[in-house]
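# Coordinates in review
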Amino acid sequence: MANAQANGQWYPPEWPDRIRALAAGTLTPVAPKRAATVMLLKDTGAGTAVHMLRRRTSMAFAGGAYAYPGGGVDPRDDDRAIGWAGPTRAWWAERLGVDAAGAQAIVCAAVRETYEEAGVLLAGPTGDSVVGDTTGADWEADRAALVARELSFAEFLDRRGLVLRSDLLGAWARWITPEFESRRYDTWFFVAVLPEGQRTRNASTEADRTVWITPAEATAGYDKGELLMMPPTVATLRGLAACGTAAEALASAPGRDMAPVLARARLEGDEVVLSWPGHEEFTKHVPSTAPTPATPADPTGGATA
């Protein structure tokens, strides 16, 4: 029997057919690409808020869904000499479950993507400082070069005499896109506090709006079916909602479980049962005649960045 789910859980209509093909052995899973995403936080009068963007409905993957700034790893960041402050690469390797070169690349991706998509840079001239305003024309030229991959992140930091502040990041979770999805990512989720003197903006070509919203407001919108989100986004928001301040969230990150979460699917008659281990709320029972999920409206009313 199908779940009577009225929430905003995102899933594409082609998943049931792809799940059946995987079960039948006619679909070969693609290898997931490494990626990083950052939950940028700030304290407001309404409580701690997180910076979210809404992916354009024209996007092939998760169009219309709310997410955080993030994206794929640039292979050039694996082995380049990068100005670095905070925990060592070896420490990050153990925390992220990868080797030292991979840890550097993933942390770089988190910082670079936050700058590319939100205009916020977690770096400074020294290991105990952070840059201030990054809205000038020269900053924008460098940001555009990073987006176009004309400039590596290591080159960007070196050119400006900056060091990456890895201590401003906290590893929060790791989710891997299901094997039956054609666009797969092995994504590390990080948390960070918005540096003083900086502000977010919608610098992403993949988003049609950005918003600062409390995790409680965001999950309430999801629960009502008003905000479309993927399971990792909802799960991380629920974890953030338990933190009283942005600093508390960052301080709690080292204690978070980083075991990767990977969806499972099974066939029960004509029905596909989709589940994420450890996150029972996302279990879906999808009949073979399931209608295409509608894209919810956007009633957040949250202030844009």
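Residues numbered from 1 in each chain as written. Predicted model: local features only at pLDDT ≥ 70, side-chain atom pairs only at ≥ 80, totals over all residues. Heavy atoms only, no water.

### What about the overall build of the protein chain?
This is how it is decided: Strands here are runs of E lasting at least two residues and helices are runs of H or I lasting at least four, both read from the DSSP assignment and numbered beginning at the N terminus. Partly exposed describes any residue whose relative accessible area lies between the buried limit of under 20% and the exposed limit of over 50%, with all areas from a 1.4 Å probe on protein chains only and scaled to the type maximum. What makes two residues a contact is simply this: any of their non-hydrogen atoms within 4.5 Å. For the accessible areas, the method is Shrake-Rupley and the probe is 1.4 Å, while residue cover comes only from the protein chains on display.
From N to C terminus, the protein chain includes 8 helices and 14 strands. Buried residues in the protein chain amount to 52% of all 305 residues. Taking the intrachain contacts of the protein chain between residues at least 6 apart in sequence as the baseline, contacts between residues at least 24 apart amount to 73%. Summing over all exposed atoms, the protein chain offers an accessible surface of approximately 13000 Å²; the carbon and sulfur share of this is 51%.

### Remarks on the packing of helix H6 (residues 215-223) against helix H7 (residues 231-241)
For clarity, the cut-off: Angles here are taken between N-to-C directions and fall from 0 to 180 degrees, while the axes themselves are lines fitted to C-alpha atoms, restricted in helices to the stretch in contact. In what follows, roughly perpendicular refers to angles from 65 to 115 degrees, roughly parallel to angles under 35, roughly antiparallel to angles over 145, and oblique to any angle outside these ranges. Crossing handedness: left-handed means the near helix sits turned counterclockwise from the far one by under a right angle, and right-handed means the same turn made clockwise. Gly falls in the polar group here, along with every residue not listed as nonpolar (Ala, Val, Leu, Ile, Met, Phe, Trp, Tyr, Cys, Pro) or charged (Asp, Glu, Lys, Arg).
The N-to-C vectors of H6 and H7 enclose an angle of 140°; their axes lie 8 Å apart at closest approach. Accordingly, the angle class assigned to the pair H6 and H7 is oblique. H6 and H7 meet at a crossing whose hand is left-handed. Contacts between H6 and H7 involve Pro215, Ala216, Ala218, Thr219, Tyr222 and Asp223 from the first element and Val234, Leu237, Arg238, Leu240 and Ala241 from the second. For the contact of H6 with H7, the per-class residue count stands at 8 nonpolar, 1 polar and 2 charged.

### Considering the sheet that holds strand S6 (residues 123-124)
What counts, and what does not: Here, a strand pair is defined by DSSP locating no fewer than two bridges between the strands.
Taken together, the 3 strands give an open sheet; going across it, the order is S5-S7-S6, and neighbouring strands pair in mixed fashion. Two strands bound the open sheet, and with one partner strand each, they are strand S5 (84-85) and S6. Here 2 bridges tie S5 to strand S7 (residues 163-165), and the two strands are oriented parallel to one another. Its bridge partner being in S7, Ala85 is matched across the sheet by Arg165.

### Thoughts on the pairing of strand S1 (residues 33-44)
Regular strands place side chains that alternate from one sheet face to the opposite one. Two elements, S1 and strand S9 (residues 185-193), share 9 bridges in a ladder whose sense is parallel. Of the residues in S9, the one forming a bridge with Lys33 is Tyr185. As judged from the 3 bridges shared by S1 and strand S4 (residues 70-72), these two strands associate in the antiparallel manner. Following the sheet pairing, Ala35 is matched in S4 by Gly72. Pairing of S1 with strand S2 (residues 47-55) involves 4 bridges; the strand directions are antiparallel. Bridge pairing links Asp43 to Thr48 in S2. Linking S1 back to S2 in an antiparallel pair, the connection comprises 2 residues.

### As for the packing of aromatic side chains
Here is the rule: Note on ring pairs: Phe, Tyr and Trp rings are taken, using the six-membered ring of Trp, and paired if centres are within 6.5 Å. Classes follow the plane angle, with under 30 degrees stacked, over 60 edge-to-face and the rest tilted.
Per the stated rule, a full pass over the model turns up 10 aromatic pairs. Plain terms: the ring middles of Trp91 and Trp92 are 4.9 Å apart, the flat faces sit at 90° to each other, and that makes the pair edge-to-face. With a relative accessible area of 38%, Trp91 lands in the partly exposed category. Aromatic side chains Tyr115 and Trp139 sit 6.3 Å apart centroid to centroid with 80° between the ring planes, which places their arrangement in the edge-to-face category. In this pair, Tyr115 sits in helix H3 (residues 100-118) while Trp139 sits in helix H4 (residues 137-147), placing the two residues 24 residues apart along the sequence. Its relative accessible area of 1% is what places Tyr115 among the buried residues. Taken together, the ring pairs connect Tyr115, Trp139, Phe153 and Phe156 into an aromatic cluster.

### A closer look at the packing of H3 against H4
Where H3 meets H4, the axes come as close as 9 Å, and the angle between the chain directions of the two elements is 120°. On the basis of their axis angle, the class for H3 and H4 is oblique. In this structure, the crossing between H3 and H4 has a hand that is left-handed. Taking contact as the criterion, the partners of Arg112, Tyr115 and Glu116 in H3 are, on H4, Trp139, Arg143, Leu146 and Val147. Taken together, the residues that form the contact of H3 with H4 break down as 4 nonpolar, no polar and 3 charged.

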